[in-house]
Amino acid sequence: MDCRDIFNTSFVQSALLHARLMIDMGIWSGIERHKFDSWCHQFEGETDRIVLALVLKSLVYRSKEQVRALLFQAFDKGIPQKLFELTGDENVFEKMKLLQNHSGLPKSILIVPVIRDCESPTKSGPLVARLFKKVININDKIMKWPWNLGEIKDVETIIFVDDFVGTGNQFLKFCEHHMQGDIFESNINFIYAPITANKEGLDNIAKSNPRIHLCPIEIVSKEDNFFNAIEKEYSLNQGQSKELEEMYMSFLEKVDLHKIGQNKGRMVKGYGELALTYVYEHGTPNGSLPILWANNNKFTSLFSR
């Protein structure tokens, strides 16, 4: 039995129907129905439609409301719990609440977006920082750009915020650039609080920079890899799994995405070959499959990067 038998026309139609219902009911808010249909029409052949259906079945979509809920979880529970573990201070929960005040702010805590000097303020770290300000009502006086960290005084905790951690390499480069000299040698508690993190990336950070205390809200792993997850869910054998990868690569060749990232490391399965199907309404991690976020003159993505 090959993949065409397992994932037949009824399976594909069911996946499309479910996705359209999620959009029409507003559960996948921010996805426009006409844009979704146009994206789907690019998957023309039988095997292309199977790839489309499986990607839709695997899609993890975080709407603005869901991201909002995750941020509250981080602010109300995750970050203060981590601070309590580090300091033993039972007042940390109240101190976090004070970050929403317009007066009497604790000067001991700063929130810093993860961003490199060459990146724009629309990138993920600054965007999450703005969400903390808008959604949680954090006072912007306790927010700092990373390149201003050399100016800080009397700070006990720095909370780095970001949306996604893949391999962890980008954050480690960020640390190399901004955690230098006095600030690195200080007694400051450094907390990294991404919305979502890949487990292998967290392990990489923990091993490479033990000064960083990790506080992700959601964690994904190798089990969330598109190909691994499909193989497990549908009990594919080795031959069927190989066939699915061939079908996927065949579609990428049709739309000229098979060489994506060739100069910076192949990204046909996303950065670090994470092969995720994870999307935020505000953007898509580059660890997700490129058919979700990549564009060229032969293919238009459904989501933005």
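This text goes with the structure placed above it.
So, here's what we can say about the structure. The structure presented is a predicted model; accordingly, all values stated were derived computationally and were not measured. Within every chain, residues take consecutive numbers counted from 1 along the sequence as written. Only residues with pLDDT of at least 70 get local features here, since the model is predicted, and only at 80 or more are side-chain atom pairs given and counted; chain-wide, interface and lining totals rely on the full set of residues. Side-chain metrics in this entry use all non-hydrogen atoms of the structure; hydrogen atoms and water are not considered.

### A closer look at the overall build of the chain
Link 1 in the chain: Strands are runs of DSSP state E lasting at least two residues, helices are runs of H or I lasting at least four, and both sets are numbered from the N terminus onward. Broken down by element type, the chain carries 12 helices and 7 strands.
Link 2 in the chain: A globule of 305 residues ought to have a C-alpha radius of gyration of about 19 Å, and the chain, at 21 Å, matches this closely.
Link 3 in the chain: When burial is assessed residue by residue, the chain has 50% of its 305 residues classed as buried.
Link 4 in the chain: Whether two residues touch is decided by their heavy atoms; if any such pair falls within 4.5 Å, the residues are in contact. Long-range pairs, those at least 24 residues apart, make up 66% of the contacts in the chain with a sequence separation of at least 6.
Link 5 in the chain: Total accessible area on the chain is roughly 15300 Å²; 47% of this is exposed by carbon and sulfur atoms.
Link 6 in the chain: Under the counting rule used here, the positive set is Lys and Arg, the negative set is Asp and Glu, and His together with the chain ends is not counted. Charge positions are represented by NZ for Lys, CZ for Arg, CG for Asp and CD for Glu. Charged side chains of the chain number 36 positive and 39 negative; the gap between the two group centres comes to 4 Å. Both definitions apply: the radius of gyration is a C-alpha atom measure, and the globule rule equals 2.2 Å times residues to the power 0.38. Classification of residues uses two cut-offs on accessible area relative to the type maximum, computed with a 1.4 Å probe and protein chains only: under 20% is buried, over 50% is exposed, and between them is partly exposed. Reported accessibility uses the Shrake-Rupley method at a 1.4 Å probe radius. Residues are deemed covered only where the shown protein chains occlude them.

### Focus on the packing of aromatic side chains
Link 1 in the chain: Two aromatic rings, drawn from Phe, Tyr or Trp (for Trp, its six-membered ring), form a pair once their centres lie within 6.5 Å of each other, and the interplanar angle then sorts them: stacked below 30 degrees, edge-to-face above 60, tilted otherwise. Tallied over the full model, the rule gives 20 aromatic pairs.
Link 2 in the chain: A ring pair is formed by Phe-160 and Phe-171, whose centres lie 6.0 Å apart and whose planes are at 70°; its orientation type is edge-to-face. Of this pair, Phe-160 sits in strand β3 (residues 157-165) while Phe-171 is found in helix α8 (residues 169-178), placing the two residues 11 residues apart along the sequence. Per residue, the accessibility class of Phe-160 equals that of Phe-171, and both read buried.
Link 3 in the chain: The exposure class assigned to Phe-171 is buried, which follows from its relative accessible area of 3%.

### Re the nonpolar core
Link 1 in the chain: Only buried residues count toward a nonpolar core, which is a set of Ala, Val, Leu, Ile, Met, Phe, Trp, Tyr and Cys residues joined through side-chain atoms within 4.5 Å. Phe-36, Trp-39 and Ile-291 are the most contacted members of the largest nonpolar core, which has 48 residues in total.
Link 2 in the chain: Listing elements by their share of this core, those giving two or more residues are α2 (9-24), α3 (33-40), α4 (46-58), α11 (226-233) and α12 (238-254).
Link 3 in the chain: Discounting chain neighbours no more than four positions away, the residues touching Ile-291 are Trp-39, Phe-43, Val-51, Val-55, Tyr-248, Phe-251, Leu-252, Leu-257 and Phe-299.
Link 4 in the chain: Of all hydrophobic cores here, the second largest spans 33 residues; its members include Leu-83, Ile-111, Ile-142 and Met-143.

### Here we look at unusual backbone geometry
Link 1 in the chain: For Glu-273, which is not a glycine, the phi torsion comes out positive at approximately 55°.
Link 2 in the chain: In this fold, Glu-273 is placed in the loop between α12 and β7 (278-280).

### A closer look at α11
Structural remark: α-helix, 3.6 residues per turn; residues separated by three or four positions point the same way.
Link 1 in the chain: Those residues of α11 lying buried are Phe-226, Phe-227 and Ile-230. What you see down the axis of α11 is that its buried residues fit within an arc of 95°, all on one side.
Link 2 in the chain: Against α4 and α12 lie the buried residues of α11.
Link 3 in the chain: Polar contact is the term for a pair of N or O atoms within 3.5 Å; when the atoms are in protein, one must be able to donate a hydrogen and the other to accept it, and sequence-neighboring residues count only if both atoms are side-chain atoms. Capping the start of α11 is the job of one residue whose side-chain oxygen sits 2.9 Å from the backbone nitrogen of Phe-227: Asn-225.
Link 4 in the chain: Positive phi appears at Ser-235, one or two residues downstream of α11, with a value of about 50°. Taken from the helix axis, the directions to the C-beta atoms give the arc we talk about.

### Digging into the packing of α3 against α4
Link 1 in the chain: Interhelical geometry of α3 versus α4 gives an angle of 140° and a closest axis separation of 11 Å. One finds that α3 runs oblique with respect to α4. Mapping the contact onto sequence places Phe-36, Trp-39 and Cys-40 in α3 and Arg-49, Leu-52 and Leu-56 in α4.
Link 2 in the chain: Taken together, the residues that form the contact of α3 with α4 break down as 5 nonpolar, no polar and 1 charged. Here, axes are lines fitted to C-alpha atoms. For helices the fit covers the stretch in contact, and angles between N-to-C directions go from 0 to 180 degrees. If an angle is under 35 degrees, it is roughly parallel; if it is over 145, roughly antiparallel; if it lies from 65 to 115, roughly perpendicular; otherwise it is oblique. Here the nonpolar group is Ala, Val, Leu, Ile, Met, Phe, Trp, Tyr, Cys and Pro; Asp, Glu, Lys and Arg are the charged ones; every other residue, Gly included, is treated as polar.

### Quick word on a nonpolar patch on the surface
Link 1 in the chain: Patches here are clusters of residues that have more than 30% relative accessible area and form no salt bridge, with a 9 Å joining cutoff for like charges and a 5 Å cutoff for nonpolar side chains (Val, Leu, Ile, Met, Phe, Trp, Tyr). Salt bridge, as used here, is a side-chain nitrogen of Lys or Arg placed within 4 Å of a carboxyl oxygen of Asp or Glu. Together, Leu-17, Leu-21, Met-25 and Ile-27 line one region of the surface with nonpolar side chains, adding up to about 400 Å² of accessible area.
Link 2 in the chain: Structurally, Leu-17 is set in helix α2.

### Some points on the pairing of strand β4 (residues 189-198)
Link 1 in the chain: Where burial is concerned, most of β4 is hidden: 10 out of the 10 residues are buried.
Link 2 in the chain: Whether two strands pair depends on DSSP finding at least two bridges between them. Pairing of β3 with β4, which is carried by 8 bridges, proceeds in the parallel orientation. Among the inter-strand pairings, Asp-162 is bridged to a residue of β4, identified as Pro-194.
Link 3 in the chain: Pairing of β4 with strand β5 (residues 212-214), which is carried by 3 bridges, proceeds in the parallel orientation.

### Observations concerning the environment of Gln-240
Link 1 in the chain: Positionally, Gln-240 belongs in helix α12.
Link 2 in the chain: Overall, the relative accessible area of 8% leaves Gln-240 in the buried class.
Link 3 in the chain: Residues Gln-240 and Pro-216, 24 residues apart in the sequence, show an inter-C-alpha distance of 35 Å.
Link 4 in the chain: Discounting residues that sit within four places of it in the chain, Gln-240 has contacts with Met-1, Cys-3, Ile-6 and Ser-235.

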